[in-house]
Amino acid sequence: MKKSNVIVSGPLCASELDHAENRLIRMVQGEVFSAEIRDLQCKKGVLPNSKLKNLNPFLDSCGILREGGRLGNSDLPYVSKYPAIFPNKHKLTNQIIAYFHLKNLHIGASSLLHCVRERFWPLNGRSLCRKIVHECIACFKAKPVVTSQLMGNLPRDRVVPDYPFNCSGVDFCGPFMIRYRNQRKGVLHKMYICIFVCFVSKAVHIEIVSDLTSEAFIATVMSWPKCDQIIQA
């Protein structure tokens, strides 16, 4: 009698875990997506009314239904470029999402969906991830109480109608490099922009400033028709 090579005791190796995972995936997909798998095996493609039509599904060498996607030319692993498709209403799908939720230390729904889609593509995955996070007891207990901070009143200059730029804010931006036309060598010079913002109307006025000195700022303000109002403000 020939002795069997099947190991019935001891730790599992990586190849055995991969084989078991592929077997579970094929079983779940065979139960829910039997029509799509049959059409792909017959080289017909999925029907237009199938819920997998937009995913461009295909069968790999192991008979697993995978999402086509647009990452074929990337350097990502094969399972990341073509994740296995899972139904949205199946116990194994919920267990996989809950596993990733615990593995990544109870992350939120958006991050959880990203981690799951690195290997699997559950239908309506965003809703499933939100459901798993919402039903997690540890996340419910650790959820902090959200408080809202009351903001203070706006200054009188912001809410009382007034002439434009009667009360304004000033800021600088730059430097910008410019070249004068009358120079032969065209040496670059620094210049700055002075921005005036009206507190009431939010109007913006821009002036060019040669440097960041007080004299240059005063000269820029004096050259503007609204200089008297700005100096008073």
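For clarity, every value in this text was computed on a predicted model and none was experimentally measured.

Caption draft 1: Broad picture of the nonpolar core. Within the largest apolar cluster, 18 residues are counted, with the highest numbers of intra-cluster contacts made by F86, I97, F100, L112 and F120. Among the secondary structure elements, those contributing two or more residues to this core are α1 (14-32), β3 (84-86), α4 (91-103), α5 (109-116) and α6 (125-135). Those residues within four positions of F100 in sequence are excluded, and the remaining contacts are L112, C115, V116 and F120.

Caption draft 2: Examining the environment of E16 more closely. Mapped onto the elements, E16 comes out in helix α1. Among the polar contacts made by the side chain of E16, one reaches the main-chain amide nitrogen of C13 at a distance of 3.2 Å.

Caption draft 3: A look at the sheet that holds strand β5 (residues 168-179). If you trace the three strands from one edge of the open sheet to the other, you get β5-β6-β7, paired in antiparallel fashion. Both edges of this open sheet fall to β5 and β7 (204-209), since each of them pairs with a single strand only. Strand-to-strand twist of the sheet, defined as the mean angle between neighbouring strand axes without regard to direction, takes the value 25°. Alignment of β5 against strand β6 (residues 188-198), held across ten bridges, turns out to be antiparallel. Among the inter-strand pairings, G169 is bridged to a residue of β6, identified as V197. The strands touched by helix α9 (residues 214-222) within the sheet are β5, β6 and β7, with β7 carrying the most contacts at an inclination of about 130°.

Caption draft 4: Focus on the packing of aromatic side chains. Across all of its chains, the model carries six aromatic pairs by this definition. Between the aromatic rings of F86 and F120, the centroid separation amounts to 5.3 Å while the plane-to-plane angle is 85°, which identifies the pairing as edge-to-face. Of the two residues, F86 sits in strand β3 while F120 sits in strand β4 (residues 120-122), which places them 34 residues apart along the sequence. Since its relative accessible area comes to 2%, F86 is described here as buried. Taken together, a centroid distance of 5.5 Å and an interplanar angle of 75° make the contact between Y99 and F100 edge-to-face. An aromatic cluster is defined as three or more aromatic residues linked by ring pairs; in this entry it consists of F86, Y99, F100 and F120.

What counts, and where the lines are drawn
Residues numbered from 1 in each chain as written. Predicted model: local features only at pLDDT ≥ 70, side-chain atom pairs only at ≥ 80, totals over all residues. Heavy atoms only, no water. Core = buried A, V, L, I, M, F, W, Y, C linked by side-chain atoms within 4.5 Å. Buried < 20%, exposed > 50% of the residue type's maximum accessible area, 1.4 Å probe, protein only. Helix = DSSP H or I, 4+ residues; strand = E, 2+ residues; numbered from the N terminus. Contact = heavy atoms within 4.5 Å. Polar contact = N/O pair within 3.5 Å; in protein donor to acceptor, adjacent residues only side chain to side chain. Pairing = 2+ DSSP bridges. Axes fitted to C-alpha atoms, helices over the stretch in contact; angles between N-to-C directions. Phe/Tyr/Trp six-rings, centres within 6.5 Å; stacked < 30°, edge-to-face > 60°.

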